[in-house]
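Spelled out from the first residue to the last, the chains are:
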Amino acid sequence: MSGWIGTIAKMHEFLWPTSLKESIPTRYTIQKAAGKAWAFVNSPPTSRTREWAVEVDGTNADSAIIRAFLQGAYGPGPFHFISEAASLTNALTPAQSLLTGFSNGGNLTTADGGYSPASLVGGTHVVLADKVPVLPGEPLTVSVDASGATELIVQPRTVTGANAGGAKTVTATGALMQRLHAVIPSAPATARYVTISARGYTALARPQVVWADEPSPWDVGGGADSVVLLDGSSTFTKFELHTRDFWRAMDLSIVEVG
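Since we're looking at a predicted model, the values are computed, not measured. (Residues numbered from 1 in each chain as written. Predicted model: local features only at pLDDT ≥ 70, side-chain atom pairs only at ≥ 80, totals over all residues. Heavy atoms only, no water.)

Enquirer: Account for the side chain of Ser147, naming residues and giving values.
Expert: Turning to its location among the elements, Ser147 is positioned in strand 12 (residues 140-157). Here Ser147 is in contact with Ala175, Leu176, Met177, Tyr201, Thr202 and Ala203, once residues within four sequence places are set aside. (Helix = DSSP H or I, 4+ residues; strand = E, 2+ residues; numbered from the N terminus. Contact = heavy atoms within 4.5 Å.)

Next up, the structure:
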């Protein structure tokens, strides 16, 4: 397993997490009385509450990046964080994948016969997600459920926001609800992120990004665009005489902020 952490300018890979536990605290405060209980929302739906407990087991070379982050070598952050699980299921943030904050439609039956509680209707040009990190030279697949004469547009951009080559545009075949996939086999060398937009749709839902050259089944976004690293510890476990490698087990917490 692996994970990536950094900024739009550079996402750094750290190797061999043996465990990645994501914690999503409840949004509710519970008040109780005899035989009764009440639930109150204690934070807005867009609040950042996730935490990841990460265990890393590898050589000094494997763990050098994450240890440098803990020592402040890459600045104070916050940072983007994409776990390997997120990269292969949905690298968008939960809010981006659920159209939080700009959904203007209700329940939608999706292309696979599923259900989305939020959607966009109307067909005007809309940016679904911006500054979604990419890995130069690596594949990327962007997907969305849509009906109508939909155009899904994926524009790679440089760190300064300039276009990194032409946009990848996919047009719907017919007007019925379908899953559109825009595949970029290899992100341009100067690309650091993509802007994802759409137009012409009757209804649209469930945007998804995977760092692969083919789509994956739909999942809520697992990426994060504002995290810090906390509470790191390192335990030396062995020394390899022939390769001169130290092996260490590390524990750290990645916490969503902002």
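Right, picking up where we left off after that structure.
Enquirer: I'd like a description of unusual backbone geometry, backed by residues and values.
Expert: Omega for the peptide link from Gly77 to Pro78 comes to 0°, which places this bond in the cis form. When you line up the elements, Pro78 lands in the loop between helix 1 (60-70) and strand 7 (79-83). Phi at Leu99 takes a positive value of approximately 60°, unusual for a residue other than glycine. Backbone geometry at Asp231 places phi at a positive 55°, although glycine is not the residue there. Looking at the element boundaries, Asp231 is found in strand 16 (residues 224-240).

Enquirer: How would you explain the packing of aromatic side chains if you had to name every residue and give the values?
Expert: In total, this model carries seven aromatic pairs according to the counting rule given. Their ring planes at 75° and their centres at 5.2 Å tell us that Trp4 and Trp211 sit as a pair that is edge-to-face. Within this pair, whereas Trp4 is found in strand 1 (residues 2-7), its partner Trp211 is found in the loop between strand 15 (193-210) and strand 16, the two being separated by 207 residues in sequence. Per residue, the accessibility class of Trp4 equals that of Trp211, and both read buried. (Phe/Tyr/Trp six-rings, centres within 6.5 Å; stacked < 30°, edge-to-face > 60°. Buried < 20%, exposed > 50% of the residue type's maximum accessible area, 1.4 Å probe, protein only.)

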